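Report on the structure
The primary structure of each chain is shown beneath.
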Amino acid sequence: MTAYPSTATLMVGELIEIKYRISRLGLSGSSSDFTERWISARIVHNDNDAPPMARLADGQLTDIRAYMTWRRLPGSEDAFASPLQS
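Residues numbered from 1 in each chain as written. Predicted model: local features only at pLDDT ≥ 70, side-chain atom pairs only at ≥ 80, totals over all residues. Heavy atoms only, no water.

1. Things to note about the overall build of the chain
- For the chain, the helix and strand inventory stands at 1 helix and 5 strands.
- Helices and strands in the chain line up, N terminus first, as β-β-β-β-β-α.
- Expressed as a percentage of its 86 residues, the buried residues of the chain come to 20%.
- Long-range contacts, defined here as pairs at least 24 residues apart, represent 47% of the contacts in the chain between residues at least 6 apart. (Helix = DSSP H or I, 4+ residues; strand = E, 2+ residues; numbered from the N terminus. Buried < 20%, exposed > 50% of the residue type's maximum accessible area, 1.4 Å probe, protein only. Contact = heavy atoms within 4.5 Å.)

2. Digging into the environment of Ser23
- For Ser23, the position within the fold is in strand 1 (residues 15–25).
- Looking at Ser23, the relative accessible area reads 41%, which means it is partly exposed.
- Sequence-wise, Ser23 and Asp33 are 10 residues apart; in three dimensions their C-alpha atoms are separated by 5.7 Å.

3. Looking at the pairing of strand 3 (residues 50–56)
- For strand 3 and strand 4 (residues 61–63), the ladder comprises 3 bridges, and the chain directions are antiparallel. Its bridge partner being in strand 4, Ala54 is matched across the sheet by Thr62.
- A loop of 4 residues connects strand 3 with strand 4, the two strands running antiparallel in sequence, and Gly59 in this loop sits at a positive phi of about 100°. (Pairing = 2+ DSSP bridges.)

4. Quick word on the packing of aromatic side chains
- Throughout the structure, instances matching the rule amount to 0 aromatic pairs.
- Sitting over the ring of Phe34, Arg21 keeps its end group 4.7 Å from the ring centre.
- We note Arg71 situated over the ring of Trp38; from NZ or CZ to the ring centre the distance is 3.8 Å. (Phe/Tyr/Trp six-rings, centres within 6.5 Å; stacked < 30°, edge-to-face > 60°. Lys NZ or Arg CZ within 6 Å of the ring centre and 35° of its normal.)

5. Some thoughts on the pattern of salt bridges
- Enumeration over the complete set of coordinates arrives at 4 salt bridges.
- The salt bridge partner of Glu17 is Arg71, with a shortest N-O separation of 2.7 Å. In this pair, Glu17 sits in strand 1 while Arg71 sits in strand 5 (residues 70–72), placing the two residues 54 residues apart along the sequence.
- Judged by relative accessible area, Arg71 falls into the partly exposed class, the value being 37%.
- The shortest N-O distance in the salt bridge between Glu36 and Lys19 comes to 3.4 Å. Of the two residues, Glu36 is situated in strand 2 (residues 32–47) and Lys19 in strand 1; the sequence distance between them amounts to 17 residues. (Salt bridge = Lys/Arg side-chain N within 4 Å of Asp/Glu carboxyl O.)

Right, here's the structure in full:
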């Protein structure tokens with residue numbers, strides 16, 4: 001069983017990557033082949049009663065569901081570790 005990270009700790013503005021399985025036609029054009037890609041996204045909304053929302057690199061919005069595989073971008077946590085400076 002895969003353990004998915006909790007989305008409860010995600011903060012608005014945080015950068016993540018979401019794993020997608022993308023279908024592409026095989027060379028013969030008859031069978032599908034799948035590839036996995038990590039797509040960059042920024043958290044735009046996070047409530048206690050709904051899945052977080054993120055804006056993908058191509059501009060689309062998506063919910064981050066419990067079954068989705070995602071990861072924080074390196075250094076993303078450091079941006080939120082200290083208070084914002086004015």
